[in-house]
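Residue-level structure breakdown
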Amino acid sequence: MIRRAAVWAAALVALAFLALPIVAIFARLSLTRLSTSVVSDALVVSLKTTFAAQALVLAFGTPAAYVLATHRFRGRSLVVTLVELPIVLPPAVAGIGLLAAFGRVGLLHTRLPFTQAAVIVAVAFVSGPLYARQAIAAFEGVDETMVAASRTLGASRAKTFFRVVLPLAGGGLGAGEALAFARGMGEFGATIMFAGSLQGVTQTLPLAVYQEFDVDFHTALALGALLVGVSAGLLITVKWLASSSTSALRFAASSSV
Amino acid sequence: MISSAVLTILAAASLTNVFPQVAPKDRFSFGGSNMLAAQIQQAAPADVFASANTKLPEQLYEQGLVEKPVVFTRNELILIVPKKNPADIHSVYDLRKPGVKLVVGAVGVPVGDYTRVVLHNLGLDDVLNSVVSQETDVREVLAKVALGEADAGFVYTTDARTVRGKVATIGIRWSAQPIVEYAVAVVKSSHHLAASRAFVKSLLGRTAQAKLRAAGFLPVR
């Protein structure tokens, strides 16, 4: 009995600890601050760059994950580790790395720094690996006999991938993308180092929070509330899409094979 | 007792190199003065606040958070370009060239406010359209120019001296210079009030002033 009470107490402490900062943001929120141009500009920049980055993550990360999940070759574990490495890198290190690689005086001498494209690159770099890692696991979990059956029954490789593999891996892909999305929305360190901070161009919501903390704490709170709202909304949407599409596609897959 | 207290000093980023020489045993948190002021407003544990302007400590003084601020040194602004000078800038008026990547401090950050005064005094307000990034303290401006990512940036003359060999400097005429005065104040919630007051007093003393001058800071008028 006592032990059960202790478990509940610990659980309550953990929940309260996690919820309190969120509650505090909303408790002290002044809605009028949401209408300033700093806030609306940052929201637009954040949404644009996050969606663009996630499109790139899906377009390049999905094939990369599929190849890594279905092929065994020498040095594969090294490659997988390399893919996962940005997850554990401090964002500041990511920023330095991006500058060293894509800076004007970096290895590739690009003109990326200080552009909106630089924000997209930074977000893709830090959030992509979260998706890729989950996607590799999802593709690896696909039952090979299903794939073999599809091929035996005359479906092409492409058809098999889109009608069998993708639906079966869908749940894992969706979950990975939800994580990547959330991480991308919150990206701060690599962005401020690689892309700088300019209202309406490169200043995302987290960067605006940082700047407004010095200028006007209540605007920072409003930005924080917005970020909580947008992130939570996107997370719930992506999760819901992933779960519903998975079941729908599973049904489609089972009926078409 | 007093001499054994290790003070926590929140100081403007431009004091990063010189303050540890002035007070080797104390702990420092360097950053944009406005960020440090915001931290004091949020009750950060600190003993002394040294700002790159007088406005912020005066505001905190009016709010009852610090004791009366004292001006202890001065500085000037300068334009820096990377040593290779990719945008071929040789005078402040070259900032008008199309496509120049100019980096400045954000509004509210002391160096950002001073930069806007300089540009206004020079009749170069339009140059603000060339700004590609607004930084939260002067050392961020310095880093982005010294690294060669930005074409030009406004910093204090004392900052430029810390990256000699990486940047070239372009002076700003005396009549366009803003008044850059640094003020220091004891934080009222400090647990080491006596030691903090002694530190503020020592900043005005001969030893500290000599070290500030050696770093390129200007004596109080």
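Presented here is a report on the structure given in the accompanying data block. (Residues numbered from 1 in each chain as written. Chains lettered and ligands numbered in written order. Predicted model: local features only at pLDDT ≥ 70, side-chain atom pairs only at ≥ 80, totals over all residues. Heavy atoms only, no water.)

**Overview of the sheet that holds strand β3 (residues 48–51) of chain B**
Residue and element names in this part refer to chain B. Within the open sheet, the five strands sit side by side as β2-β1-β3-β10-β4. Their pairing is mixed. If you trace the sheet from one side to the other, it starts and ends with β2 (27–31) and β4 (70–75), each paired once. Shown here is a sheet whose adjacent strand axes are inclined to one another by a mean of 20 degrees, direction ignored. Summarising the sheet, strand β1 (residues 8–12) and β2 pair through five bridges and their orientation is parallel. Looking across to β2, one finds that Thr-8 is bridged to Arg-27. (Pairing = 2+ DSSP bridges. Helix = DSSP H or I, 4+ residues; strand = E, 2+ residues; numbered from the N terminus. Axes fitted to C-alpha atoms, helices over the stretch in contact; angles between N-to-C directions.)

**Some details on the sheet that holds strand β8 (residues 152–156) of chain B**
All names here are of chain B. Pairing within the open sheet is mixed, and its five strands lie in the order β7-β6-β8-β5-β9. Looking at the sheet topology across the chains shown, the edges are occupied by β7 (131–135) and β9 (167–170). Averaged over all pairs of adjacent strands, the angle between strand axes in this sheet comes to 35 degrees, irrespective of strand direction. Note that strand β6 (residues 102–105) and β8 share two bridges and pair parallel. Each residue of the ladder has a partner; that of Leu-102, found in β8, is Ala-152. Most of the contacts of helix α4 (residues 110–121) go to β8, to which it runs at about 110 degrees, and overall it touches β5 (77–82), β6, β7 and β8. (Contact = heavy atoms within 4.5 Å.)

**Here's the deal with the packing of helix α3 (residues 76–88) of chain A against helix α5 (residues 116–140) of chain A**
Residue and element names in this part refer to chain A. The contact between α3 and α5 brings their axes to 6 Å, and the two run at 135 degrees. For the element pair α3 / α5, the angle class is oblique. Here α3 and α5 pass one another in a crossing that is left-handed. Here α3 contributes Arg-76, Val-83, Glu-84, Pro-86 and Ile-87 to the contact with α5, which in turn contributes Phe-125, Pro-129, Leu-130, Ala-132, Arg-133, Ile-136 and Glu-140. Across the contact of α3 with α5, the residue classes break down as eight nonpolar, no polar and four charged. (Parallel < 35°, antiparallel > 145°, perpendicular 65-115°, else oblique. Left-handed = near helix turned anticlockwise from the far one by under 90°. Nonpolar A, V, L, I, M, F, W, Y, C, P; charged D, E, K, R; others polar.)

**Describing the nonpolar core**
Judged by nonpolar contacts, the single largest core of 68 residues is most densely connected at Leu15(B), Phe19(B) and Phe154(B). Not counting residues within four places of it along the chain, the set of residues in contact with Phe19(B) comprises Ile9(B), Ala11(B), Phe28(B), Phe30(B), Ala50(B), Phe72(B), Phe199(B) and Leu203(B). One finds Tyr131(A), Leu173(A), Ala180(A) and Ala195(A) within the second-largest nonpolar core, a separate group that totals 32 residues. (Core = buried A, V, L, I, M, F, W, Y, C linked by side-chain atoms within 4.5 Å. Buried < 20%, exposed > 50% of the residue type's maximum accessible area, 1.4 Å probe, protein only.)

**Notes on the interface of chain B and chain A**
Across the contact, 22 residues belong to chain B and 18 residues belong to chain A. Buried area between chain B and chain A, both sides added, is near 1800 Å², and the carbon and sulfur share of it is 56%. On the chain B side of the interface with chain A, the three residues burying the most area are Lys101(B), Thr136(B) and Glu149(B), jointly 30% of the side's total. Put simply, chain B and chain A have one salt bridge between them. Asp151(B) is the salt-bridge partner of Arg104(A), the closest N and O atoms lying 2.6 Å from each other. Applying the counting rule to chain B against chain A returns seven residue pairs in polar contact (both at pLDDT 80 or more). If you list the elements that add at least two residues to the side of chain B that touches chain A, you get α2 (33–41) and β7 of chain B. Take the side of chain B that touches chain A: its biggest share by element is five residues, from β7(B). (Buried area = accessible area lost by both parts, 1.4 Å probe. Salt bridge = Lys/Arg side-chain N within 4 Å of Asp/Glu carboxyl O. Polar contact = N/O pair within 3.5 Å; in protein donor to acceptor, adjacent residues only side chain to side chain.)

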